[in-house]
Amino acid sequence: MARLASIEKANKKPKFSCRKQSRCSSCGRPKAVYKKFGICRICFRQMALKGLLPGITKASW
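Below or above, wherever it landed, is the structure these notes cover. Along each chain, the written sequence defines residue order, and numbers are assigned to residues from 1. The model is predicted, so local features are restricted to residues of pLDDT at least 70 and side-chain atom pairs to those at 80 or more, both for listing and for counting; the totals for chains, interfaces and linings are taken over all residues. Each side-chain value is derived from all of the structure's non-hydrogen atoms; neither hydrogens nor water enter the calculation.

We now examine the nonpolar core. Cys24, Val33, Ile39, Cys40, Cys43, Phe44, Ala48 and Leu53 form the largest nonpolar core, which has 8 residues in total. Numbered from the N terminus, helices here are DSSP runs of H or I no shorter than four residues, and strands are runs of E no shorter than two. Put simply, the parts of the chain that give this core at least two residues each are strand 2 (39–40) and helix 2 (41–50). Top element by residues in this core is helix 2. It accounts for 3 residues. If sequence neighbours within four positions are ignored, Cys24 has contacts with Arg29, Val33, Gly38, Ile39, Cys40 and Cys43. Each nonpolar core is a collection of buried residues, namely Ala, Val, Leu, Ile, Met, Phe, Trp, Tyr and Cys, held together in the definition by side-chain atoms within 4.5 Å. A simple rule labels every residue: compare its accessible area, found with a 1.4 Å probe on the protein chains alone, to the largest value its type can have, and call it buried under 20%, exposed over 50%, or partly exposed in between. Any two residues whose heavy atoms approach within 4.5 Å at even a single point are treated as in contact.

See the structure below:
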């Protein structure tokens, strides 16, 4: 779980646009965040398995 201070710091408008850090909207993880969904890979997998993401199905073969 991310610290509250680092989440608040990431939400502030940076001085330069290249300093913007993307974070997961549900857990606050700073790495492996999908821009299209705004969530990290771990939350993406959990939500896909539960069926919370429309159009996403778990591949099995």
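Now that the structure is up, let's keep going.
Once that is clear, we can look at the state of the cysteines. A pair of cysteine sulfur atoms is labelled a disulfide when the two atoms are within 2.5 Å. Taken as a whole and assessed by the stated rule, the structure comprises 0 disulfides. Distance from the sulfur of Cys24, which forms no disulfide, to the nearest cysteine sulfur (Cys27) is 3.6 Å.

What follows concerns helix 2. Along helix 2, the residues classified as buried are Cys43, Phe44 and Ala48. Burial along helix 2 is one-sided: seen end-on, the buried residues are contained in an arc of 130°. Exposed residues pointing more than 90 degrees away from the buried face of helix 2 are listed as Arg45, Leu49 and Lys50. Packed against the buried residues of helix 2 are strand 1 (33–34) and strand 2. Following helix 2 by one or two positions, Gly51 has its phi on the positive side, about 85°. Arc definition: directions from the helix axis to the C-beta atoms.

The rule is short: rings of Phe, Tyr and Trp, with Trp giving its six-membered ring, pair when the centres are within 6.5 Å, and they are stacked under 30 degrees, edge-to-face over 60, tilted in between. Scanning the entire structure with this criterion turns up 2 aromatic pairs. Judged by centre distance (5.4 Å) and plane angle (65°), the ring pair of Tyr34 and Phe44 falls under edge-to-face. Separated by 10 residues along the polypeptide, Tyr34 in strand 1 and Phe44 in helix 2 bring together distant segments of the chain. For Phe44, a relative accessible area of 18% puts it in the buried group. Between Phe37 and Phe44, the ring centres sit 5.0 Å apart and the planes meet at 55°, which makes this aromatic pair tilted. Taking relative accessible area as the criterion, Phe37 reaches 35% and is therefore assigned partly exposed. Following the ring pairs from residue to residue traces out a cluster consisting of Tyr34, Phe37 and Phe44.

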